[in-house]
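# A closer look at the structure
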Amino acid sequence: MKYRVRERLFSIGEDFWIEDEHGTKAFLVDGKVLRVRETFELKDAGGRVVAVIKHKAVSIREAMKIEDHRGEVIATVRRKLFTPFRDKFHVELRDGGELEIHGNLIDKDYRIESHGDRIAEVSRKWFRLHESYGVWIADGADAGLLLAIAVCVDHLVAEDA
């Protein structure tokens, strides 16, 4: 399944939809205002919270936490140290698993892998709409989690720019 995400989506208080490849509203990104740290909720089309994304403001390595609807951290996204030739991010999952994100993060052309297998890919090339990029998600993969990870990467890369 492919989804279309609006680029530079991180205006606190701004809400917008992530659409599937057919243009159907699939997930709402709800930017929360009046919070101490940047917080975004990812809701499904029915309004149920799928993930809460929080920017960890003070840390040695910037990180974003992804929580489930109960407030339990299910993933932490951070830039990998010592990657001189390519941009890489690392995702630590609640169950102890790990995901690797590598490619051209600034140009939105990267892969998310689990144990070397591609489970998601992000690219601007799939949609002709300006300021949008596509997220392809493998069958059986957790779309909500992977879209939340793409949102985190977009935010962390935009902060560095």
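Residues numbered from 1 in each chain as written. Predicted model: local features only at pLDDT ≥ 70, side-chain atom pairs only at ≥ 80, totals over all residues. Heavy atoms only, no water.

Moving on: the environment of Arg118. As for its position among the elements, Arg118 is in strand S11 (residues 117–123). Look at Arg118 and you get partly exposed, because its relative accessible area is 35%. Within polar-contact distance, the side chain of Arg118 engages the side chain of Glu121 at 2.4 Å. (Helix = DSSP H or I, 4+ residues; strand = E, 2+ residues; numbered from the N terminus. Buried < 20%, exposed > 50% of the residue type's maximum accessible area, 1.4 Å probe, protein only. Polar contact = N/O pair within 3.5 Å; in protein donor to acceptor, adjacent residues only side chain to side chain.)

Its boundaries defined by the atoms lining it, the largest pocket holds a volume of some 170 Å³. Grouping the constituent residues of the lining of the largest pocket by class yields seven nonpolar, no polar and three charged. (1 Å grid on protein atoms, 1.4 Å probe; cavity = no way out; pocket = protein on both sides within 12 Å on 5 of 7 lines; lining within 4 Å. Points joined across faces, edges and corners; volume = space filled by probe spheres on them. Nonpolar A, V, L, I, M, F, W, Y, C, P; charged D, E, K, R; others polar.)

The next thing to look at is the pattern of salt bridges. Evaluated as defined, the whole model comprises 15 salt bridges. The partner of Glu19 in a salt bridge is Arg4, and the shortest N-O contact between them spans 2.7 Å. Linking Glu19 in strand S2 (residues 15–20) with Arg4 in strand S1 (residues 2–6), this pair joins segments that are 15 residues apart in sequence. The two residues Glu19 and Arg4 agree in class, both being buried. For Lys43, the salt bridge goes to Asp30, with nearest N and O atoms at 3.2 Å. Placement of Lys43 in strand S4 (residues 39–44) and of Asp30 in strand S3 (residues 25–32) is noted, with a sequence separation of 13 residues between them. Through salt bridges with shared partners, a single network forms among Asp68, Arg70, Glu72 and Arg94. (Salt bridge = Lys/Arg side-chain N within 4 Å of Asp/Glu carboxyl O.)

Right, let's get into the environment of Ile18. In this fold, Ile18 is placed in strand S2. When near neighbours in sequence (up to four residues on either side) are disregarded, Ile18 contacts Tyr3, Arg4, Val5, Thr24, Lys25, Ala26, Phe27, Val29, Leu42 and Leu147. (Contact = heavy atoms within 4.5 Å.)

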